[in-house]
Amino acid sequence: MAIFKAPIDDIKYLSNEFLDKSALQQIEEFSSVTPDLTDAIYEEAAKISETLLFPLNRSGDEQGCTLNNGVVTTPDGFKDAYVQVTEAGWGNLTCAQDFGGQGLPHYIANAVEEMIISSNMSFSIYIGLTIGAYNAIERFGSEQLKKAYLPHMVSGRWSGTMCLTEPQCGTDLGLIRSKAIPQEDGSYRISGSKIFISAGEQDLSENIIHLVLARTPDAPAGIKGISLFLVPKINSHEDGSLAEPNGVICSAIEHKMGIKASATCAMEFENSNGYLIGELNKGMKAMFIMMNSARIHVGIQGLAVAHAAYCGAVDYAKERLQGRALTGAKQPDTPADPLIVHPDVRRMLLTMKAYTEGARALSMWLSFQLDVSYQANDPTVKQNASELVSLLTPVFKAFLTDIGEIVTSTGIQVYGGHGYIRENGMEQYLRDARICQIYEGTNGVQALDLVGRKLTEHMGRNLRHFFHPVSEFLQQHQHDAALAGFILPLAKSFSRLQNATLFIAQKGLSNPDEAGAAASDYLRLFGLVAMAYMWAKIAHNIHYKKGQMPDEFYDGKLITGLFYMQRLLPQTGALLSAIMSGSQTTMSLKENQF
Amino acid sequence: MNIETVAVIGAGVMGSGIAAQVANAGKKVLLLDRVPEGASNKNILAESAIEKLLKVKPAALMHKRNAKKIQPGNLEDNLADLAEADWIIEVIIERLDLKQALYKKIEAVRKPNCIVSSNTSTLPLADLTAGLSAEFNDHFVITHFFNPPRYMRLLEIVEGPTTNPEALDTLIQFCDFALGKGIVKCNDTPGFIANRIGAYWMQTALLEAFRLGLSVEEADAISGRPMGIPKTGVFGLMDLVGIDIMPHVLKSMVHSLPKTDAFHQQAKIPELVTKMIEDGYTGRKGKGGFYRINKAHGTKVKESINLATGEYAGSQKPALASLQGPVVKDLKKLLSFDDKGGQFAWSVLAKTLCYSASLVPEIGDDINAIDRAMKLGYNWTYGPFELIDKIGVDWFIAKLKADNYPIPPLLMTAAEKTFYRYDNQQHQCLSLNGDYQTISREKGVLLLSDIKQNQTPIERNASASLWGIGDGVLCLEFHSKMNAIDPNILQMIATAIKSIPGQCKGLVLYNEADNYSVGANVGLALFAANVAAWPQIEAMVKSGQDTYLALKHAPFPVVGAPSGMALGGGCESLLHCDAIQAHAESYIGLVEVGVGLIPAWGGCKELLTRWTNNPRRAKGPMPAISKAFELISTATVSTSATEAKDYLFLSATDGITMNRERLLFDAKNKVLALAEAYTPPEPVELSLPGATARTALNLAVDSFVKSGKATNYDGVIADQLAIVLSGAETDMAERHTEQDILALERTAFIHLLKKEPTLDRLQHMLESGKPLRN
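Quick caveat, the model's predicted, so the values are computed rather than measured.

Time to look at the overall build of chain B. Within chain B, the secondary structure is distributed over 31 helices and 25 strands. Radius of gyration (C-alpha) of chain B: 28 Å, near the 28 Å computed for a compact globule of 774 residues. Here the C-alpha coordinates of chain B stretch approximately 85 × 65 × 60 Å along the principal axes. Within chain B, contacts between residues separated by at least 24 positions form 67% of all contacts whose residues are at least 6 apart in sequence.

What follows deals with the overall build of chain A. Helix and strand counts for chain A stand at 20 helices and eleven strands. In terms of principal-axis extent, the alpha carbons of chain A reach across some 80 × 60 × 60 Å. Considering chain A as a whole, with its 594 residues, one finds that 53% of them fall into the buried category.

Moving on to the interface of chain A and chain B. On the chain B side, the residues contacting the 17 residues of chain A number 16 residues. Elements represented by at least two residues in the side of chain A that touches chain B include exactly α15 (461-477) and α16 (484-510) of chain A. Considering only residue class, the side of chain A that touches chain B consists of seven nonpolar, seven polar and three charged.

Next up on the list: the sheet that holds strand β11 (residues 312-314) of chain B. All names here are of chain B. One open sheet accounts for three strands, arranged β9-β10-β11; its pairing is antiparallel. Looking at strand neighbours, the two that pair on one side only are β9 (291-294) and β11, the edges of this open sheet. Within the sheet, the average angular offset between the axes of one strand and its neighbour, ignoring direction, is 40°. Sheet topology note: the β9/strand β10 (residues 301-305) ladder contains four bridges and is antiparallel. Residue pairing for β10: Arg-292 is matched across the bridge by Glu-303.

Bringing the environment of Glu-166 of chain A into the picture now. Residue and element names in this part refer to chain A. Secondary-structure assignment places Glu-166 in the loop between β3 (158-163) and β4 (179-182). C-alpha of Glu-166 to C-alpha of Ile-542: the two residues are 376 residues apart in sequence and 50 Å apart in space. Among residues more than four places away in sequence, those in contact with Glu-166 are Ile-176, Arg-177, Ser-178, Gly-192, Ser-193, Lys-194 and Ile-195.

Turning to unusual backbone geometry, a few remarks are in order. All names here are of chain B. For the peptide bond that leads from Lys-57 to Pro-58, omega is -10°, which places it in the cis range. For Pro-58, the position within the fold is in the loop between α2 (44-55) and β3 (70-74). Val-360 connects to Pro-361 through a cis peptide bond whose omega is 10°. In this structure, Pro-361 sits in the loop between α14 (340-358) and α15 (367-378). The backbone of Asn-424 sits at a positive phi, close to 50°, despite the residue not being glycine. Inspection of the secondary structure puts Asn-424 in the loop between β12 (420-423) and β13 (426-430).

So, about the nonpolar core. One recurring pattern in soluble globular proteins: nonpolar side chains tend to sit buried together. Membership of the largest hydrophobic core comes to 429 residues, with the highest contact counts inside it found for Phe-229, Tyr-522 and Ala-532 of chain A together with Leu-31, Val-508, Ile-598 and Ala-628 of chain B. In this view, Ala-628 of chain B contacts Cys-604, Leu-607, Leu-608, Trp-611 and Leu-725 of chain B; residues no more than four positions away in its chain are not counted.

Moving on, we come to the pairing of strand β6 (residues 207-214) of chain A. Every regular strand shows the same layout, with side chains that alternate between the two sheet faces. Residues and elements named next belong to chain A. Burial analysis of β6 places seven of its eight residues in the buried class, which makes it a mostly covered element. When β3 meets β6, the two strands line up parallel, connected through six bridges. Looking across to β6, one finds that Trp-158 is bridged to Asn-207. When β6 meets strand β7 (residues 227-232), the two strands line up antiparallel, connected through six bridges. Residue Leu-213 lies in a different strand from β7, and its bridge partner there is Leu-228.

Moving on: α15 of chain A. Relative to the 24 Å expected for 17 residues at 1.5 Å per residue, α15 of chain A spans 25 Å between its end C-alpha atoms, a close match to the ideal helical length. Residue Phe-467 of chain A marks the point of greatest curvature in α15 of chain A, where the axis turns by about 30°; the proline Pro-469 of chain A follows within four residues.

Here we come to helix α18 (residues 551-568) of chain A. All names here are of chain A. For α18, spanning 18 residues, the distance from its first C-alpha to its last is 25 Å, which sits close to the expected 26 Å at 1.5 Å a residue. Turning to α18, its buried residues are Lys-557, Gly-561, Tyr-564 and Met-565. Projected onto a plane normal to the axis of α18, the buried residues spread over an arc of 90° and lie on a single side. Of the exposed residues in α18, the ones pointing more than 90 degrees away from its buried face are Asp-551, Glu-552, Asp-555 and Gln-566. Elements that come into contact with the buried residues of α18 comprise α10 (343-375), α16 and α17 (512-544).

Attention now goes to the packing of helix α9 (residues 283-319) of chain A against helix α11 (residues 379-415) of chain A. Residue and element names in this part refer to chain A. Where α9 contacts α11, the axes come no closer than 8 Å and their chain directions differ by 20°. Between α9 and α11, the angle falls in the class roughly parallel. In the packing of α9 onto α11, the handedness of the crossing is left-handed. Of the residues belonging to the contact of α9 with α11, the class tally is 18 nonpolar, eleven polar and two charged.

Let us look at the sheet that holds strand β14 (residues 436-438) of chain B. Residues and elements named next belong to chain B. Reading across the sheet, the three strands line up as β12-β13-β14 and stay open at both edges, with antiparallel pairing between neighbours. Single-partner strands in this sheet number two, and they are β12 and β14. Mean inter-strand twist for the sheet, computed between neighbouring axes without regard to direction, equals 40°. Bridge analysis of β13 against β14 gives three bridges, and the strand direction is antiparallel. Looking at β14, one finds that Cys-429 is bridged to Gln-437.

Within the secondary structure, Gln-566 of chain A is located in helix α18. Taking the C-beta count within 10 Å as the criterion, Gln-566 of chain A has 12 such neighbours and is therefore assigned exposed.

Moving on: the environment of Gly-132 of chain A. Residues and elements named next belong to chain A. Among the structural elements, Gly-132 can be located in helix α7 (residues 121-140). Looking at Gly-132, the number of C-beta atoms within 10 Å reads 19, which means it is partly exposed. Considered as a pair, Gly-132 and Met-267 are 135 residues apart in the sequence and their alpha carbons are 18 Å apart. Dropping the residues within four chain positions of it, Gly-132 is found in contact with Gly-160, Met-162, Met-290 and Ala-294.

The rules behind the values
- Note that residues are indexed from 1 along each chain, following the sequence as it is written.
- Chains carry letters and ligands carry numbers; both start at the beginning, A for chains and 1 for ligands, and go up in the order they are written.
- Reporting of local features is limited, given that this is a predicted model, to residues whose pLDDT is at least 70; pairs of side-chain atoms are given and counted only at 80 or more, and all residues count toward the totals for whole chains, interfaces and linings.
- Only DSSP runs of H or I with at least four residues qualify as helices, and only runs of E with at least two residues qualify as strands; both kinds are numbered from the N terminus onward.
- Two things to know: the radius of gyration comes from C-alpha atoms, and the globule rule equals 2.2 Å times the number of residues to the power 0.38.
- Remark: residues whose backbone-derived C-beta atoms lie within 7 Å of one another are considered to be in contact.
- In this scheme every C-beta is placed from the backbone, and a residue whose C-beta has 20 or more other C-beta atoms within 10 Å is buried, one with 12 or fewer is exposed, and one in between is partly exposed.
- Charged residues are taken to be Asp, Glu, Lys and Arg, nonpolar residues to be Ala, Val, Leu, Ile, Met, Phe, Trp, Tyr, Cys and Pro, and polar residues to be all remaining types, Gly included.
- Whether two strands pair depends on DSSP finding at least two bridges between them.
- Note on geometry: axes are C-alpha line fits, over the in-contact stretch for helices, and angles between N-to-C directions span 0 to 180 degrees.
- A set of buried Ala, Val, Leu, Ile, Met, Phe, Trp, Tyr and Cys residues, joined to one another through C-beta atoms within 7 Å, is what we call a nonpolar core.
- Each residue after the first adds 1.5 Å to the expected span of a helix.
- Working definition for bend: take the seven residues up to and ending at a residue and the seven starting at it, fit an axis to each, and measure the angle between the axes.
- By arc we mean the arc of the directions from the helix axis to the C-beta atoms, nothing more.
- Here the angle decides the label: under 35 degrees means roughly parallel, over 145 means roughly antiparallel, 65 to 115 means roughly perpendicular, and every other value means oblique.
- Put simply, a crossing is left-handed when the front helix is turned counterclockwise from the back one by less than a right angle, and right-handed when it is turned clockwise.

Shown next as structure tokens:
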């Protein structure tokens, strides 16, 4: 059985030493957060992940959820864990203090979130969706709605969902059919069918607050006629006590490849009371703004499951004795050497480690940019951070979830046949991680969002917030011999990214298929370069501002970073060639030739 | 006979506008009006009209000094002066008795063969000249100008039954060559051609929008781009011309058209429109019109009137299904689309096209002339018969039948045919008997659009084409978006330079878009700057410099032939030509500072060279540097080709063509003239003073920055310009080659492009089309 250990050292290093928090120094909520406080939070979260949630991970996968007469039962131990986790406040770190939350920065909360997901992805979904719904209501809801719902959601008594998908529409939400009939008191009656609703029904919280996309009878056709509504599972009185059920019924739960302990529900809304969130027909606007944080959340899922797989693989590679090192026995007193002596096993482990740690640095850095975009005093700084986050969100979501797949699959490979059987738990990681490439906008959709919207928006200004700092960083350190192993590969891959960007911008203008055909390769190229930038910044940080961690830690970081630069980053050359070849072959094969 | 002196009687908006255009043509013009009761200055009306001409926007005069060509006078003292005039045009109030009385006076003083015309649009010619001598009658026509006379290209001319053909020809030649007008001969029917169809169309669109419950934005979105009549859309157009004009036009039409005319069915004025006029909402000249700009909350908000309630609200982007991509791009699909947008499009177009067809031969028997009148007079992209061809005659007839419209006979004549065709390289149009007649161009009219119908380009890429225009001359046409200069255009110039020597005589840079070129494609530069691709940007700048320099030193003559805007990189292309033949309406300038940059495709170098070589300049290098600095740092754009000569964007020997349609012909002749014994210009060397000049230039800018007339960042840009024009670190002993100055341009350009305020200016220009002052 694979072991799990939270990446507490790496998180502490990134949070305390790596991250440049100067942009928010003047903000009290940030300056008051000291390393002492954050370390305590991280350690406590590590503990709860390792001791409470991880033990429920495999049993939850085996047992799954069941549906009986509209009632969903989650696996054994989930209810108890839910109470413990929500009572300790692990679900509301970023929620406003006004509603009972803790008002902590995202970079801290996202690190905590990574550990929780890592230990038990299915369980984390019940918590994570409530935060998504909270954010939408907090940002767009009326004062009345906020007062009535948010305190109960923050406490975990009530949970939340997002109801977007319908049988006929997934990616293309313009096709939504669910109806919202206006009532005289200003509320609406919602009717319709929704599918793939995570945590749509469960036995963990006493009420469930659904955020439902629907259209009013006279709404314009397509995406411009969709509104967002709050629909509780059970109506409530003004004091928060529960009243009668609201016609929200779970008609089925899906049988899935992974995240089996997370209930994925088909929901029926039958004349249910609903309350408009934000403006009429502007539901997609609200959704788009929410998508940044939701997509970052999914990216972190990719990272988190990758980490879990890495823990298992490293442990196995050190314990499992098979064959001898190529250069002669390393442990002559045992019948065989551990797997970790083999270069190819090390290649796998280092690939997993370099991707996972690079992804974690990216996550910490981007989460902090999210904080800047919400909190900075200077409106220009705020705007720039917001545009940077908007640019990198699709890259982060798709690249990190692709890494989730690569790393969990490699984890199985390290175990060999023992990875393929269920009892060691390694195959669960791959099954769990696989959904991350699909939901919250498939990775193909992320790539289109990147080339079609984020690249072209404001005549390419979003790009400036990434490309200019990297270019300046390269210029500052181009002759720094100590960093040469990082700077040169970064410079090379960065110029590949520049060329690919110009190529797509030029070609895409005259033929959108060119941009579309290049999109996924381009996103991967972008992700690899962004990660290389993180590794170069880490190298710079360790070289010039070594802090409190043991030398062993820093050495390990630098070697892992060099491995990334030398063994993983060169993919950018192949990707650039693929991109520059254009869309000709992709688009010329006729449908009947497939 | 040549027309050298013109008299305009009536100094109102139209009269003074016509006088201005005559002055623009370089002719002497007498502007007379009556003496107002009790006036101490008897010339007050004409004199104040000339004063207004100097202020009016858009400018009526192509150069301020042209005002001196207009001699003000009055009808009491200066009647005898009319004897000098070769052409007298009457532009007084539309009253028959007053006009007739005036003609009697004119008859007494006019010299023999003097042409007399009226600008009337409502009175029949026969009534005007009743009782006047045969000689007068033989020299009398109606000349109907459109407002403003300088800019509106249509001139409708109505001849009388006995009009002397020679006199008519003299007048037409003058209006064509000297005034630059597109002349359409009309029958003497109410509203002639353009206003008859145009007013009917506007009324129909207005009433149909009300009937079908379309919003102003929706109606304009449908009538604008998809139908192309005109691009502003119908409500936008009414705001532009003045909503209060409509009742007058309608009244006159209703009064003079027979009761059977379909016009009467569309002559109602909606109550809301009447109320708007009463309240002063007469369009852009009033408080606003169907659109208005609301500045109430500190920001400018574009608002539109709700046709049902009369309330204004923020303009909305229309969301009709008929405005979605595949429908709006296909006129036939739009016309049969079943929503109110599709119904509006069909109803307006069906009625307007049927009405147009039913007016042949009443208003004229030449359908090409009718199409031409609508394009020149109302800015339609296509004339009515071209529109019918676009959707197909038979398709149109079938749909009309299905909707129970009566089919005009002309349409039946065209059944199973088209109104226009190309036969054996001849452009032909349908005549009333069903035969085709060839459309012939006037001598001296050469149109690329004609050439393009019959030939394939010698070379073509996405942004430019190379055409043979006869006699061994090639024409390089830009056709990128807004004719922005991009790598494709540069590549085409390079191709021309390679292929012409030994094969052809020379090259014209010319195109028939509204604007010659609005500048370099800065979108690419901005994008590259956003991704910090500095080496690639430097390469782009260098390639532009190399191309333009090669064009300048190519072993064959190159003539630039601009019309409309020639800005930034477009202006730079002209500065590298051997000569320019410009349309009179050419707006030329180096406007790079507006987007936070300086000209870097040789624009600084060439303008500096022109001013340095100017024989009339004062001694020393400073006057030339100061002048180039002033023009570039203030982004000066000439308001006409004439004015461009003041700035040396055009040199004294460059030519100006008044009539747009004659530009290519004139430019081609210029190439042929230059091609005899052509030698390319010698490379230029300049002596520049260096730091002292830079300091002097900056001193001037500093005072503008201090007084708030320029921003701090304007100062930063001006300093970079000063570095280039002063030669940077140098002194007068050193000689600067062209390459030296180009290198300075590149350095300054990249320096500025790395700065955030420049990127903000670029983005703002590309997104809003307006400069940002930061």
